[in-house]
Amino acid sequence: MKKNILNTIYVFFISLFLVFILIEISLRLFLPQPTMKSLKGMLGKYYTSSNFNTFELKKNYSGTEPSQERPKERVSINTNEKGLRKTYEAKGAKDTILILGDSYTFGVYVADNDTYPSILSRLLEKQENPHNVINAGYASGFQTDQQYAWLNKYYISKNRCPKFVILGFFPGNDFTGINENNWKSKDEYGMPLSVINENIIVTKSGHLKNKKRSSITIGSEFFYKIPIIHNIHSFVLAGRVIDKILNKILKKGGLGYDLDTFSHYFGIYNKKFLGEEKKILEIIDFMKLKLDMCGSNFIIVNIPINFAIEPKFLKKVISNHHIKKTESVYHIRLEKMISDRGIHFINITKSMLKDYKLNKEINFFPANDEVHLNENGHYYVGKKIKEYILNNF
């Protein structure tokens with residue numbers, strides 16, 4: 001009797017193991033999952049630790065990232081000797097345009113010459129008005145406080161005054177990512193000179209790792225933190241299913257955003273958001289003050305997320321949203337507040353929305369729901385900045 005029970009248990013576990021192997025093979029062949037290995041392949045190993053700004057970019061880095069527009073292709077990602085994304089070099093440039101920003105400015109998933117800073121450089125050269133365009137995207141951090149600190153360290157403190165300083169402003173992590181507790185040192189105005197987020201770690205391989213779940217680093221979900229299983233497709237699938245159920249219970253979106261993360265895009269302004277907005281505007285005010293003293297022209301360019309232009313993407317980012325009016329309106333409020341401060345503002349969302357409504361065949365974002373701009377989107381932004389500079393200066 002005992003032997004029969006043992007045999008039954010033995011057969012059960014052998015059968016379970018064989019079913020598991022079959023599922024694993026099937027997933028790898030027909031429905032590959034985003035394992036930790038594949039996630040790391042999505043981004044280059046270009047980060048390095050910073051003693052004043054959490055992280056910067058490696059100097060003279062050379063690598064690739066997968067194109068989101070053409071998934072089977074990879075695009076070139078290179079930095080120069082200063083740890084800045086390589087940008088098209090215009091011949092005969094005398095003046096400098098410094099562009100601060102995050103991943104949208106850096107140009108994730110597009111090649112060096114397809115980023116909007118490279119497009120701007122090339123278009124100005126064609127207009128016989130060449131400028132030395134510097135892409136400080138990612139090098140200057142994720143959000144406005146890091147960009148303020150970076151600008152101070154590498155330009156203001158050294159009395160280096162570019163003709164133009166452009167802030168590529170993304171109304172996402174520019175609001176949700178700022179935490180004054182991370183300001184380790186401040187200037188005479190109480191603004192950050194050093195921003196250290198102790199939750200973010202730069203790994204030896206050059207990736208960013210977050211102790212907390214976050215949309216700005218990969219593989220921060222619980223099941224990715226277990227080395228034994230995070231590269232096994234069946235376990236990753238199970239983890240994603242559980243994660244999706246928890247997101248639904250906790251009312252979080254498809255990318256882990258809660259329902260309030262982007263509600264301001266649609267004219268919903270809660271107390272928390274208004275506090276974040278006030279802090280950002282304060283940082284921008286002092287950035288303008290310093291740039292005025294430096295003699296630089298300050299321009300803010302608002303960079304839209306995919307659903308701000310094409311509402312069909314909203315459910316992919318915030319799958320459980322209850323927003324009835326899905327047309328983006330925050331850019332109108334932002335334009336007024338920035339313009340009232342005497343700061344040049346290029347409303348990319350406004351013009352892109354207008355052009356998209358006229359011709360919905362235009363695609364500014366990859367069809368696979370990726371929130372960042374594709375090559376066409378970058379060209380559009382670069383062209384609009386070029387037109388603004390030529391028409392206003």
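So, a few notes on the structure that sits alongside this text. (Residues numbered from 1 in each chain as written. Predicted model: local features only at pLDDT ≥ 70, side-chain atom pairs only at ≥ 80, totals over all residues. Heavy atoms only, no water.)

**Re the side chain of Gln68**
Part 1 of the argument: By secondary structure assignment, the location of Gln68 is in the loop between strand S3 (62–66) and strand S4 (74–78).
Part 2 of the argument: The buried category is assigned to Gln68, whose relative accessible area is 11%.
Part 3 of the argument: A polar side-chain atom of Gln68 sits 3.4 Å from the main-chain carbonyl oxygen of Pro66.
Part 4 of the argument: There is a polar contact of 3.0 Å between the side chain of Gln68 and the side chain of Asn368. (Helix = DSSP H or I, 4+ residues; strand = E, 2+ residues; numbered from the N terminus. Buried < 20%, exposed > 50% of the residue type's maximum accessible area, 1.4 Å probe, protein only. Polar contact = N/O pair within 3.5 Å; in protein donor to acceptor, adjacent residues only side chain to side chain.)

**Quick look at the packing of aromatic side chains**
Part 1 of the argument: A full pass over the atoms with the stated rule returns 29 aromatic pairs.
Part 2 of the argument: Taking 4.8 Å as the distance between ring centres and 20° as the angle between the ring planes, the aromatic pair formed by Tyr189 and Phe286 counts as stacked. Residue Tyr189 is located in the loop between strand S8 (183–186) and strand S9 (192–195), and its partner Phe286 is located in helix H8 (residues 271–294); the two are separated by 97 residues in the primary sequence.
Part 3 of the argument: Connected via pairs of aromatic rings, a cluster forms that spans Tyr46, Tyr47, Phe55, Tyr61, Phe106, Tyr138 and Phe142.
Part 4 of the argument: Taking NZ or CZ as reference, Arg160 lies 4.3 Å from the ring centre of Tyr155, over its face.
Part 5 of the argument: Above the plane of the ring of Tyr269 lies Arg333, whose end atom (NZ or CZ) is 4.3 Å from the centre. (Phe/Tyr/Trp six-rings, centres within 6.5 Å; stacked < 30°, edge-to-face > 60°. Lys NZ or Arg CZ within 6 Å of the ring centre and 35° of its normal.)

**Points about the pairing of strand S12 (residues 297–302)**
Part 1 of the argument: In terms of residue burial, S12 counts as a mostly covered element, since five of its six residues are buried.
Part 2 of the argument: When strand S7 (residues 164–169) meets S12, the two strands line up parallel, connected through six bridges. Pairing of Leu167 across the sheet is with Ile300, part of S12.
Part 3 of the argument: Judged from the four bridges that link them, S12 and strand S13 (residues 344–347) form a sheet pairing that is parallel. Paired with Val301 across the bridge in S13 is Ile346. (Pairing = 2+ DSSP bridges.)

Coordinates in, geometry out; function isn't part of it.
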